[in-house]
Amino acid sequence: MTTTGGARLVDGYALVVFDLDGVIYLVDRPIPGAVEAVSQLHADGQAVAYATNNASRRSSEVADLLTGMGIAARPEEVLTSAAAAAQLLRERYPEGSQILVVGAEALRAEIRAAGLTPVTRADDGPVAVVQGYGPQVGWTDLAEAAVAVRGGATWVATNTDRTLPSGRGPLPGNGALVAAVRTSLGRGPDVIVGKPAPELFAAAARRVPAGRALVVGDRLDTDIEGAVRAGLDSLLVLTGVSDVAELLAAPPQRRPTYVSVDLAGLFEPEAVVRVPGPMEAGGWSAAVRDGRLELSGAGRTLSALPVLCTAAWSTAQPSPVRAASSAAERALATFGLLSD
């Protein structure tokens with residue numbers, strides 16, 4: 001089932017805002033089809049932007065990375081949580097103020113570019129701590145952050161993603177590092193800048209008429225919730241962190257407008273579905289029986305998702321899923337949903 005009436009999904013929007021990790025690339029390698037998808041958007045004259053919670057690269061570095069992958073990108077198209085955090089701190093504190101930076105060199109560079117002074121020790125008397133992902137962040141960095149915050153410094157986190165996608169599966173993200181400081185302090189950050197806070201998406205959307213931006217992401221807890229909070233439509237692609245099981249258990253604030261397996265859903269009407277849908281559509285039907293979510297019928301595999309979402313989201317608690325037909329069993333196996 002699709003709801004685009006045979007038209008391309010992308011044609012309904014003036015701007016496509018992409019998450020990066022899990023959507024465009026995985027670590028430093030493009031996801032299959034991503035280069036071709038963005039190249040098609042460029043060829044069509046479609047405006048694009050990129051919004052990332054990863055604070056380990058500056059906008060110019062991200063643009064260079066994308067260009068090296070074959071995706072022509074400009075720094076002004078890239079919105080990072082590092083740059084947004086630096087801007088927030090510049091608005092709050094006078095030029096030259098000392099900021100304890102926990103993270104990668106890119107975050108320090110953004111702090112310098114904002115006219116602030118990055119420091120590494122609590123004894124330097126920082127007015128704020130800014131914490132972002134950095135592969136070299138260690139115990140000493142976290143300890144200095146905890147001491148500074150306990151001493152009165154404002155604590156700003158670029159983001160709280162629990163994990164980062166990788167070729168080896170999800171790895172600890174900045175949220176895991178923030179959790180260590182949170183545990184020692186007994187409280188959370190004063191400000192969280194990145195997704196699911198809406199500002200990165202809202203900043204991108206301000207470039208086009210209201211409601212004409214589409215967010216494309218792979219995480220329900222950051223990309224999709226951020227889009228919902230920004231009042232924007234969203235497309236969940238299944239190339240990164242969130243899977244169908246997580247989609248069916250998603251609370252209202254984390255439910256996308258559309259779902260596709262990959263970025264082909266932007267262009268091919270048969271490769272994208274709108275969720276939720278009717279309880280019966282595309283040859284499929286779903287219902288909750290005896291505490292289980294039951295899929296029956298037969299049709300295109302992707303078309304089963306809207307009816308599954310409708311049934312799953314009608315219940316207060318996530319339900320185990322079972323098949324009531326051989327075609328349903330195959331569909332559920334494709335989605336990784338077969339249960340005992």
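Keep in mind that what you see is a predicted model, and the values were worked out from it rather than measured.

Some thoughts on the overall build of the protein
Reasoning step 1: When its secondary structure is counted, the protein shows 11 helices and 20 strands.
Reasoning step 2: Dimensions of the protein along its principal axes, counting C-alpha atoms only, are 65 × 45 × 35 Å.
Reasoning step 3: Within the protein, the fraction of its 340 residues that count as buried is 53%.
Reasoning step 4: Counted over contacts in the protein with a minimum sequence separation of 6, partners at least 24 positions apart contribute 68%.
Reasoning step 5: Roughly 14000 Å² of accessible area belongs to the protein as shown, and the carbon and sulfur atoms make up 50% of that amount.
Reasoning step 6: When the 29 basic and 36 acidic side-chain charges of the protein are each reduced to a single mean position, those positions are 3 Å apart.

Section: the packing of helix H3 (residues 81-92) against helix H4 (residues 105-113)
Reasoning step 1: Between H3 and H4, the least distance of the axes is 9 Å, while the angle of their chain directions is 35°. For H3 against H4, the interelement crossing comes out right-handed. Contact residues: H3 offers Ala82, Ala83, Ala86 and Leu89, while H4 offers Leu107, Glu110 and Ile111.
Reasoning step 2: Of the residues belonging to the contact of H3 with H4, the class tally is six nonpolar, no polar and one charged.

Let's talk about the UniProt feature "domain: GCN5-related N-acetyltransferase-like" (unreviewed entry) in the protein
Reasoning step 1: Per the UniProt record, the feature "domain: GCN5-related N-acetyltransferase-like" (unreviewed entry) sits at residues 282-337.
Reasoning step 2: Helix and strand shares over residues 282-337 are 34% and 27% respectively, and the end C-alpha atoms of the span are 19 Å apart.

Comments concerning helix H10 (residues 304-313)
Reasoning step 1: Burial analysis of H10 places 10 of its 10 residues in the buried class, the great majority of the element.
Reasoning step 2: Among all positions in H10, only Ala304, Leu305, Pro306, Val307, Leu308, Cys309, Thr310, Ala311, Ala312 and Trp313 are buried.

Observations concerning the nonpolar core
Reasoning step 1: Core analysis: the largest hydrophobic core is formed by 34 residues, its most contacted members being Phe18, Ile24, Tyr50, Leu66, Val216, Leu263 and Leu266.
Reasoning step 2: For this core, the secondary-structure elements that each account for two or more residues are strand E1 (15-18), helix H1 (34-43), strand E4 (47-52), helix H2 (59-68), strand E13 (213-217) and strand E14 (233-237).
Reasoning step 3: No other element matches the five residues that H1 contributes to this core.
Reasoning step 4: Not counting the four nearest positions on each side in its chain, Tyr50 is found in contact with Phe18, Leu20, Val38, His42, Leu66, Ile71, Ala73, Glu77, Val78 and Leu79.
Reasoning step 5: Among the nonpolar cores identified, the runner-up in size contains 31 residues, and Ile224, Ala250, Val273 and Val321 belong to it.

Quick notes on the side chain of Ser242
Reasoning step 1: Within the element layout of this structure, Ser242 appears in the loop between E14 and helix H9 (244-248).
Reasoning step 2: Not counting residues within four places of it along the chain, the set of residues in contact with Ser242 comprises Asp218, Arg219, Leu220 and Leu236.

Focus: the pattern of salt bridges
Reasoning step 1: Overall, the coordinates contain 20 salt bridges when judged by the stated rule.
Reasoning step 2: Note that Arg90 and Glu95 form a salt bridge whose closest N and O atoms lie 3.9 Å from each other.
Reasoning step 3: Asp123 serves as the salt-bridge partner of Arg121, at 2.9 Å between the closest nitrogen and oxygen.
Reasoning step 4: Accessibility expressed as a relative area gives 62% for Asp123, which makes it exposed.
Reasoning step 5: Ionic contacts of the salt-bridge type, sharing partners, join the residues Arg289, Asp290, Glu294 and Arg322 into one network.

Here's the deal with the packing of aromatic side chains
Both the distance between ring centres and the angle between the ring planes are used here to describe each pair of aromatic rings.
Reasoning step 1: By the definition in use, this model includes one aromatic pair.
Reasoning step 2: On the numbers, 6.0 Å between centres and 25° between planes, the contact of Phe18 with Tyr50 is stacked. Residue Phe18 is located in strand E1, and its partner Tyr50 is located in strand E4; the two are separated by 32 residues in the primary sequence.
Reasoning step 3: By relative accessible area, which is 0% here, Phe18 ends up buried.
Reasoning step 4: Take Tyr50: its relative accessible area is 0%, and that puts it in the buried class.

Quick notes on the rules
- Residues numbered from 1 in each chain as written.
- Predicted model: local features only at pLDDT ≥ 70, side-chain atom pairs only at ≥ 80, totals over all residues.
- Heavy atoms only, no water.
- Helix = DSSP H or I, 4+ residues; strand = E, 2+ residues; numbered from the N terminus.
- Buried < 20%, exposed > 50% of the residue type's maximum accessible area, 1.4 Å probe, protein only.
- Contact = heavy atoms within 4.5 Å.
- Areas by Shrake-Rupley, 256 points an atom, 1.4 Å probe, with all protein chains shown as cover.
- Lys, Arg positive; Asp, Glu negative; His and termini not counted.
- Charge placed at Lys NZ, Arg CZ, Asp CG, Glu CD.
- Axes fitted to C-alpha atoms, helices over the stretch in contact; angles between N-to-C directions.
- Left-handed = near helix turned anticlockwise from the far one by under 90°.
- Nonpolar A, V, L, I, M, F, W, Y, C, P; charged D, E, K, R; others polar.
- UniProt positions renumbered as here; feature names shortened; annotations may be inferred.
- Core = buried A, V, L, I, M, F, W, Y, C linked by side-chain atoms within 4.5 Å.
- Salt bridge = Lys/Arg side-chain N within 4 Å of Asp/Glu carboxyl O.
- Phe/Tyr/Trp six-rings, centres within 6.5 Å; stacked < 30°, edge-to-face > 60°.

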